[in-house]
Amino acid sequence: MSSSSPASQLDVELRPGKPPVLRVEATGEAPSWAAAHRDALRAVVAEHGSVLVRGLGLRDAAGAGAVFSRLATGLMTEREAFAPRQAYADGVYSSTKWPQNQPMCMHHELSYTLEFPGLMMFACVSAPTEGGATAVADAPTVLDALPTELTERFEREGWLLTRSYNDEIGASYAEAFGTEDRGAVESYCRAHAIDFEWQSDGGLRTRQRRSAVVRHPVTGRRCWFNQIAFLNEWTMAPEVREYLVDEYGADGLPFNTRFGNGDPIGEDVVALLNKVYEANTAREPWQAGDLMVVDNVRTAHSREPFEGPREVVVAMADAVRLADCSPTVEVTTG
């Protein structure tokens, strides 16, 4: 079925279980196509939460970056990354370094920060032989599908992200904060409502409490907006979790999430969150040259396990302040 929205002026395919797909013929002319169709494409994302554009023929980071810059209001520099990325240019990155046999479960990019992307853009320059889709899920739908008692608790308390930075697993604090200067890291933490503690071995531990439910800054719709399940210990493969607990201790995991009051989140809760996400997941296998644009507040995204080479270039764009999204939990900076 096709739908020609007056708002978008583009013929978008809408099929159950799939993200909206727009087929174009612009190989070799992707940046000029993006510039000409910027407003229409953004209108599609505003209407549906995401869109996969097929036929742009994107082949490298430079070409992807040229398209990103024409579609975005402004590209962002990533801070507080949970895993390393390669920077190709200002605001243009590789996908997160993450084991290809492990899923990156549904999440909203940088939802634990005070300023996060309003838009995520992904360009597939090399497609995997199997799996590896960047799947999406509608946050208001997920919120409505979760038990009211659970979401009300998270609305009251928020969620807590704990991190233990080291040089072996995930991003080091220098990679996450963009500096090795401890004073600069401390200043950043104070300015962004992050509690911090230096360890005797030179490592850093942080805690930050954030809202789990926000209102979309444009539409006002309530969205389940967080990384509670993805960054929780129970989403890890059992053997990975056991290794990390043995290596670093239960309180020293590279990252973990808790209820906002500090209580542990049970394995059953994490399983429920991931089950609801899966029931509301839309996926389309990547083809080389594809572009995907995602409303990061309204729409969660994931990366599914894959085989073969997979290169996806990423940009975070159109910064949104948490303060403009009706947070349910107050944060204090200083």
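For the structure itself, consult the block above.
Because the structure is a prediction, the values reported are computed rather than measured.

Colleague: Mind showing me how you'd approach the overall build of the protein chain here?
Modeller: Broken down by element type, the protein chain carries 9 helices and 21 strands. Relative to the compact-globule value of 20 Å for 334 residues, the protein chain shows a C-alpha radius of gyration of 19 Å, a close match. Judged by the C-alpha coordinates and their principal axes, the protein chain covers about 55 × 40 × 40 Å. Counting only residues that meet the buried cut, the protein chain has 54% of its 334 residues in that class. Across the protein chain, contacts joining residues at least 24 apart in sequence account for 80% of those joining residues at least 6 apart. Here the protein chain has roughly 14,400 Å² of accessible surface; of this, 47% comes from carbon and sulfur atoms.

Colleague: What's the story with the packing of aromatic side chains in this structure? I'm lost.
Modeller: The description of two aromatic rings rests on the distance between their centres and on the angle between their planes. Taken as a whole and judged by the stated rule, the model has 11 aromatic pairs. Summarising the aromatic geometry, the rings of Phe-82 and Phe-230 are spaced 5.2 Å apart at their centres and angled 85 degrees between planes, so their arrangement reads as edge-to-face. Separated by 148 residues along the polypeptide, Phe-82 in the loop between α3 (61–71) and β5 (87–89) and Phe-230 in the loop between β15 (222–224) and α8 (238–248) bring together distant segments of the chain. This pair shows no difference in class: Phe-82 is buried, exactly as Phe-230 is. Linked through ring pairs, Phe-82, Trp-98, Phe-230 and Phe-255 together constitute an aromatic cluster. One cation-aromatic arrangement involves Arg-241 over Trp-234; the distance from NZ or CZ to the ring centre is 4.0 Å. Between the NZ or CZ atom of Arg-310 and the centre of the ring of Phe-306, over which it lies, the distance is 5.6 Å.

Colleague: Is there a simple way to think about unusual backbone geometry in this case?
Modeller: The phi dihedral of Glu-80 falls on the positive side, at around 65 degrees, and the residue is not glycine. Relative to the helices and strands, Glu-80 is located in the loop between α3 and β5. Taking the relative accessible area as the measure of exposure, Glu-80 reaches 1% and is therefore buried. Phi is positive for Ala-193, close to 55 degrees, though the residue is something other than glycine. Note on placement: Ala-193 falls in the loop between α7 (182–191) and β12 (195–198). With a relative accessible area of 15%, Ala-193 lands in the buried category.

Colleague: Help me understand the environment of Ser-326 in this model?
Modeller: Mapped onto the secondary structure, Ser-326 falls in the segment after β21 (311–321). Each C-alpha atom of the pair Ser-326 and Pro-217 lies 8.2 Å from the other, and the pair is 109 residues apart in sequence. What Ser-326 contacts, discounting residues up to four positions off in sequence, is Val-213 and Arg-215.

Colleague: It is not clear to me how empty space enclosed by the protein should be interpreted in this structure. Could you clarify?
Modeller: Unfilled space is identified by rolling a water-sized probe across the atoms. Inspection of every chain in the model, using the stated rule, returns 3 cavities of 30 Å³ or more. Considering only enclosed or pocket space, the largest cavity measures out at about 130 Å³ in volume. Lining the largest cavity we find 15 residues, and of these Ser-95, Met-104, Phe-122, His-301 and Arg-303 sit closest to its centre. If you list the elements that add at least two residues to the lining of the largest cavity, you get β7 (104–107), β8 (115–126), β19 (299–303) and β21.

Colleague: Explain the pairing of β19 here, please?
Modeller: Counting buried positions along β19 yields 5 of 5 residues, so the element is predominantly enclosed. Of the two faces of β19, the one holding Thr-299, His-301 and Arg-303 and the one holding Ala-300 and Ser-302 are both buried throughout. The sheet contact formed by β7 and β19 spans 2 bridges and is antiparallel. Across the sheet, His-107 pairs through a bridge with His-301, a residue of β19.

Conventions adopted
Residues numbered from 1 in each chain as written. Predicted model: local features only at pLDDT ≥ 70, side-chain atom pairs only at ≥ 80, totals over all residues. Heavy atoms only, no water. Helix = DSSP H or I, 4+ residues; strand = E, 2+ residues; numbered from the N terminus. Rg over C-alpha atoms; globule rule 2.2 N^0.38 Å. Buried < 20%, exposed > 50% of the residue type's maximum accessible area, 1.4 Å probe, protein only. Contact = heavy atoms within 4.5 Å. Areas by Shrake-Rupley, 256 points an atom, 1.4 Å probe, with all protein chains shown as cover. Phe/Tyr/Trp six-rings, centres within 6.5 Å; stacked < 30°, edge-to-face > 60°. Lys NZ or Arg CZ within 6 Å of the ring centre and 35° of its normal. 1 Å grid on protein atoms, 1.4 Å probe; cavity = no way out; pocket = protein on both sides within 12 Å on 5 of 7 lines; lining within 4 Å. Points joined across faces, edges and corners; volume = space filled by probe spheres on them. Pairing = 2+ DSSP bridges.

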